[in-house]
Amino acid sequence: MAASEQKSPGQTLADGAFERIQNAIVKGQIEPGSRISEQYLSTTFGIGRGPLREAIRQLEGRRLVVRIPHAGVRVVSLSFNELIELYHVREALEGMACRLAAQNMTKAEIAGLREVLSMHEQHSGLQANESYYQQEGDLDIHFLIIQGSKNRTLSELLCGDLYHLLRMYRYRFSTTPKRPQQAFAEHHRIIQAIADRDGELAEMLMRRHISASRRNIEQRMQETSHDK
């Protein structure tokens, strides 16, 4: 098997292709709005057309690509207003999840949050205050807090339908000067409020954290439009 087709035990070729393409989309290596070419992806990822088409269907399910009549499949690209609306929704829902996490997370789960935060602190981009990119799932503070809310509906919304779409934009705007260290400090305070079982404070801090990220996006996009 070619190196590009290596997969973990129990993982299909389609699963492996899906993960690699998803990662490329989230990191902006395949840019928002760009057309998905099966031939290009097949060559780039060394995968056959059958598994590739299944991978693209999975990406559609995660709302990272959209199928447009007569135009093929493209990477999703939110307008400025759509992205800001999404962040307003995220602020409300993650704030609620944080309040519930303060009530429902076990001591072991909170200790796990602190361990992940400690791992983030060692990241070279964060130490240089240049970037703060969190890996997904169990290495993502936001994911762990949402799961810790013990609210299935919130988990399905924020860790399912919206999660990877949000990750794409979180990654894209994670390199704003000075924002990485600020975001890390905000995470630290949020976790402390959860550990103190102060749900009201935890919710307020999370809402402020996401609101700061939204304002950062607004500023970055305004600067980009002025440069054009």
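Here the structure is a predicted model, which means the values were calculated and not measured.

## Focus: the overall build of the chain
Each helix and strand in the chain was counted, giving eleven helices and two strands. The helix and strand sequence of the chain, counted from the amino end, reads α-α-α-β-β-α-α-α-α-α-α-α-α. Scored against the burial criterion, the 228 residues of the chain give a buried share of 44%. Summing over all exposed atoms, the chain offers an accessible surface of approximately 12,100 Å²; the carbon and sulfur share of this is 49%.

## Notes on the pairing of strand β1 (residues 65-68)
The two faces of the sheet receive side chains in turn, since in a regular strand these alternate between them. Of the pairings in the sheet, the one linking β1 to strand β2 (residues 72-75) comprises four bridges and is antiparallel in character. Each bridged residue has a counterpart across the sheet, and for Arg 67 the counterpart in β2 is Val 73. Hairpin remark: β1 followed by β2, antiparallel, with three residues in the connecting loop; positive phi at His 70, about 65°.

## Things to note about the nonpolar core
In this structure, Ile 21, Ile 25, Ile 30, Ile 36, Leu 113, Ile 145 and Ile 194 are the most contacted members of the largest nonpolar core, which totals 60 residues. Ignoring sequence-local partners within four residues, the contact set of Ile 30 consists of Ile 21, Ala 24, Ile 25, Ile 36, Leu 41 and Val 75.

## A few points about the pattern of salt bridges
All told, the structure shown has twelve salt bridges when counted by the stated rule. Arg 152 is paired through a salt bridge with Glu 156; the nearest N and O atoms lie 4.0 Å apart. With a gap of four residues between them, Arg 152 and Glu 156 both fall in helix α8 (residues 152-161), about one helical turn apart. Note on Glu 156: relative accessible area 48%, which makes it partly exposed. Two residues, Glu 218 and Arg 214, come together in a salt bridge whose shortest N-O distance is 3.5 Å. Here Glu 218 and its partner Arg 214 are both found in helix α11 (residues 199-227), four residues apart, which amounts to about one turn of the helix. Since its relative accessible area comes to 12%, Arg 214 is described here as buried. If you follow the salt bridges from partner to partner, you end up with Glu 91, Arg 207, Arg 214 and Glu 218 in one network.

## Let's talk about the confidence of the model for the chain
Do not read the predicted coordinates in detail wherever pLDDT is low. Chain-level pLDDT for the chain is 84 on average; 85% of the residues reach the 70-or-more range. Considering only residues more than four positions removed or in separate chains, one finds that residues 1-10, a stretch of pLDDT under 50, has twelve contacts.

## Side note on the side chain of Arg 90
Residue position: Arg 90 is located in helix α4 (residues 80-104). Given the relative accessible area of 3%, Arg 90 is considered buried. Non-local contacts of Arg 90, meaning those with residues more than four positions away in its chain, are made with Gly 95, His 142, Leu 166, Arg 170 and Ile 210.

The rules we used
Residues numbered from 1 in each chain as written. Predicted model: local features only at pLDDT ≥ 70, side-chain atom pairs only at ≥ 80, totals over all residues. Heavy atoms only, no water. Helix = DSSP H or I, 4+ residues; strand = E, 2+ residues; numbered from the N terminus. Buried < 20%, exposed > 50% of the residue type's maximum accessible area, 1.4 Å probe, protein only. Areas by Shrake-Rupley, 256 points an atom, 1.4 Å probe, with all protein chains shown as cover. Pairing = 2+ DSSP bridges. Core = buried A, V, L, I, M, F, W, Y, C linked by side-chain atoms within 4.5 Å. Contact = heavy atoms within 4.5 Å. Salt bridge = Lys/Arg side-chain N within 4 Å of Asp/Glu carboxyl O. pLDDT = per-residue confidence, 0-100.

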